[in-house]
Amino acid sequence: EDKVVQSPLSLVVHEGDTVTLNCSYEVTNFRSLLWYKQEKKAPTFLFMLTSSGIEKKSGRLSSILDKKELFSILNITATQTGDSAIYLCAVPYTSGTYKYIFGTGTRLKVLA
Amino acid sequence: DAGITQSPRHKVTETGTPVTLRCHQTENHRYMYWYRQDPGHGLRLIHYSYGVKDTDKGEVSDGYSVSRSKTEDFLLTLESATSSQTSVYFCAISESRKSSYEQYFGPGTRLTVT
């Protein structure tokens, strides 16, 4: 059965800290892994990863995929209060359709 | 932002009544999705569409039906609303033209069934 598991479920840090969020997956026909940020509204797209070992970066956020160990991490350096959000990861289902399975998300709170 | 709108944005309805939520896109994307989001469950797929009149079930499709008669509109219907369907509903769109699997989400509809 296809599965996506995120950890930790929630995290509280202080501004300036570095955080690492984890996403592990079980799908037979892996094609891609997506990261989203969700504040008090709809999720917004952050990264799409398809190849192992290639780090994607956007400012203080970066992400990397390990297709051998079946996980991805999202790093946020020098956190700011504006990083407070739920971070979601998703992968397409094994079936080859364009349906996605999402993890339950990691709720990050950054304190000033 | 991708051109996706949802209506209504908020709705309160009574148990047993039918409810239809509308998703409208201006991006001409092929794929459209309906998700629900509940605490502790993340986003769960209800139904999705891969073209006009082409739909498929997701993991939580019981009690829901969908229709897509035009590329730009995807309707989600609760035939007889129950309290367990109180949730936030998100529509999303996706397009594979660029071999990309990015999904763009609408603003959400908060539905309360009393």
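Just so you know, these numbers come straight off a predicted model, no measurement behind them.

K.L.:
How should the overall build of chain B be read in this particular structure?
P.N.:
Helix and strand content of chain B: 0 helices and 11 strands. When its helices and strands are written in sequence order, chain B yields β-β-β-β-β-β-β-β-β-β-β. Here chain B has a C-alpha radius of gyration of 13 Å; the compact-globule value for 114 residues is 13 Å, and the two agree. Overall size of chain B, expressed as C-alpha extent along the three principal axes, is 45 × 30 × 25 Å. Across the 114 residues of chain B, 52% fall into the buried class. Long-range contacts, defined as pairs at least 24 residues apart, comprise 55% of the intrachain contacts of chain B with a sequence gap of at least 6. For chain B, the accessible area works out to roughly 5,400 Å², and carbon and sulfur atoms hold 46% of it.

K.L.:
It is not clear to me how the sheet that holds strand S1 (residues 4-7) of chain B should be interpreted in this structure. Could you clarify?
P.N.:
Paired through backbone hydrogen bonds, the strands of a sheet run either parallel or antiparallel to each other. Residue and element names in this part refer to chain B. What the 4 strands build is an open sheet, ordered S1-S3-S8-S7; its pairing is antiparallel. At either end of the open sheet lies a strand with only one pairing partner, and these are S1 and strand S7 (64-70). Strand-to-strand, the axes of this sheet are offset by a mean angle of 20°, without reference to chain direction. Relative to strand S3 (residues 19-25), S1 runs antiparallel, the two being bridged by 4 bridges. When the bridges of S3 are listed, isoleucine 4 appears paired with glutamine 25.

K.L.:
Before we go on, may I ask you to explain the layout of surface pockets in this structure?
P.N.:
Remark: the empty space left among the atoms is shown by a probe the size of a water molecule rolled over them. Looking at the largest pocket, its volume works out to about 760 Å³. What lines the largest pocket is a set of 29 residues, and nearest its centre among them are A:Gln38, A:Glu39, A:Ile86, A:Arg107 and B:Gln37. Contributions of two or more residues to the lining of the largest pocket are made by strand S9 (85-92) and strand S11 (106-111) of chain A together with strand S4 (31-38), strand S9 (87-94) and strand S11 (109-113) of chain B. A per-element tally of the lining of the largest pocket places S11(A) first, with 4 residues. Its residues assigned to classes, the lining of the largest pocket shows 8 nonpolar, 13 polar and 8 charged.

K.L.:
Is there a simple way to explain the packing of aromatic side chains in this structure?
P.N.:
Under the criterion given, the structure shown has 14 aromatic pairs over all chains. Between A:Tyr100 and B:Tyr33 the ring centres are 5.8 Å apart and the planes differ by 65°, which places this aromatic pair in the edge-to-face class. One end of the pair, A:Tyr100, is in strand S10 (residues 100-102); the other, B:Tyr33, is in strand S4, on a second chain. Across the pair, B:Tyr33 and A:Tyr100 agree in class, each one buried.

K.L.:
In this structure, what is going on with the interface of chain B and chain A? I would like to understand it.
P.N.:
Think of interface size as the accessible area that goes away when the parts come together; that is how it is often given. Chain B puts 23 residues into the contact, and the matching count from chain A is 19 residues. Summing both partners gives a buried area of about 1,800 Å² for chain B against chain A, and 61% of it is carried by carbon and sulfur. At the junction of chain B and chain A, the tally comes to 1 salt bridge. A salt bridge links B:Asp56 to A:Lys99, with the shortest nitrogen-to-oxygen separation between them at 3.4 Å. Counting every contact that joins chain B to chain A gives 4 residue pairs in polar contact (both at pLDDT 80 or more). Every element with two or more residues in the side of chain B that touches chain A is listed here: S4, strand S5 (42-51), strand S6 (54-57), S9 and strand S10 (103-105) of chain B.

K.L.:
It is not clear to me how the nonpolar core should be interpreted in this structure. Could you clarify?
P.N.:
Soluble globular proteins tend to bury their nonpolar side chains together. Counting 24 residues, the largest nonpolar core has A:Tyr25, A:Leu33, A:Trp35 and A:Val91 as its most contacted members. Of all the secondary structure elements, the ones that give two or more residues to this core are strand S3 (19-26), strand S4 (33-38), strand S5 (44-49), strand S7 (61-66), strand S8 (71-76), S9 and S11 of chain A. Contacts of A:Val91, omitting those with residues within four sequence positions, involve A:Val4, A:Tyr25, A:Val27, A:Phe30, A:Ser32, A:Leu33, A:Lys99, A:Tyr100 and A:Ile101. Formed by 20 residues, the second largest nonpolar core is a distinct cluster that contains A:Leu88, A:Tyr98, B:Tyr35 and B:Phe105.

K.L.:
What exactly am I supposed to notice about the pairing of S6(B) here?
P.N.:
Each regular strand displays side chains that alternate between the two surfaces of the sheet. When S5(B) meets S6(B), the two strands line up antiparallel, connected through 4 bridges. Pairing of B:His47 across the sheet is with B:Lys57, part of S6(B).

K.L.:
What's the story with the pattern of salt bridges in this structure? I'm lost.
P.N.:
A side chain with one charge may pair with a side chain of the opposite charge, provided their charged atoms come close. Residue and element names in this part refer to chain B. Overall, the coordinates contain 7 salt bridges over all chains when judged by the stated rule. In this structure, the salt-bridge partner of lysine 70 is aspartate 73, at a minimum N-O distance of 3.3 Å. The partly exposed category is assigned to lysine 70, whose relative accessible area is 40%. Taking relative accessible area as the criterion, aspartate 73 reaches 8% and is therefore assigned buried. Sharing partners across several salt bridges, the network here consists of Arg22, Lys70 and Asp73.

Thresholds applied
- Residues numbered from 1 in each chain as written.
- Chains lettered and ligands numbered in written order.
- Predicted model: local features only at pLDDT ≥ 70, side-chain atom pairs only at ≥ 80, totals over all residues.
- Heavy atoms only, no water.
- Helix = DSSP H or I, 4+ residues; strand = E, 2+ residues; numbered from the N terminus.
- Rg over C-alpha atoms; globule rule 2.2 N^0.38 Å.
- Buried < 20%, exposed > 50% of the residue type's maximum accessible area, 1.4 Å probe, protein only.
- Contact = heavy atoms within 4.5 Å.
- Areas by Shrake-Rupley, 256 points an atom, 1.4 Å probe, with all protein chains shown as cover.
- Pairing = 2+ DSSP bridges.
- Axes fitted to C-alpha atoms, helices over the stretch in contact; angles between N-to-C directions.
- 1 Å grid on protein atoms, 1.4 Å probe; cavity = no way out; pocket = protein on both sides within 12 Å on 5 of 7 lines; lining within 4 Å.
- Points joined across faces, edges and corners; volume = space filled by probe spheres on them.
- Nonpolar A, V, L, I, M, F, W, Y, C, P; charged D, E, K, R; others polar.
- Phe/Tyr/Trp six-rings, centres within 6.5 Å; stacked < 30°, edge-to-face > 60°.
- Buried area = accessible area lost by both parts, 1.4 Å probe.
- Salt bridge = Lys/Arg side-chain N within 4 Å of Asp/Glu carboxyl O.
- Polar contact = N/O pair within 3.5 Å; in protein donor to acceptor, adjacent residues only side chain to side chain.
- Core = buried A, V, L, I, M, F, W, Y, C linked by side-chain atoms within 4.5 Å.

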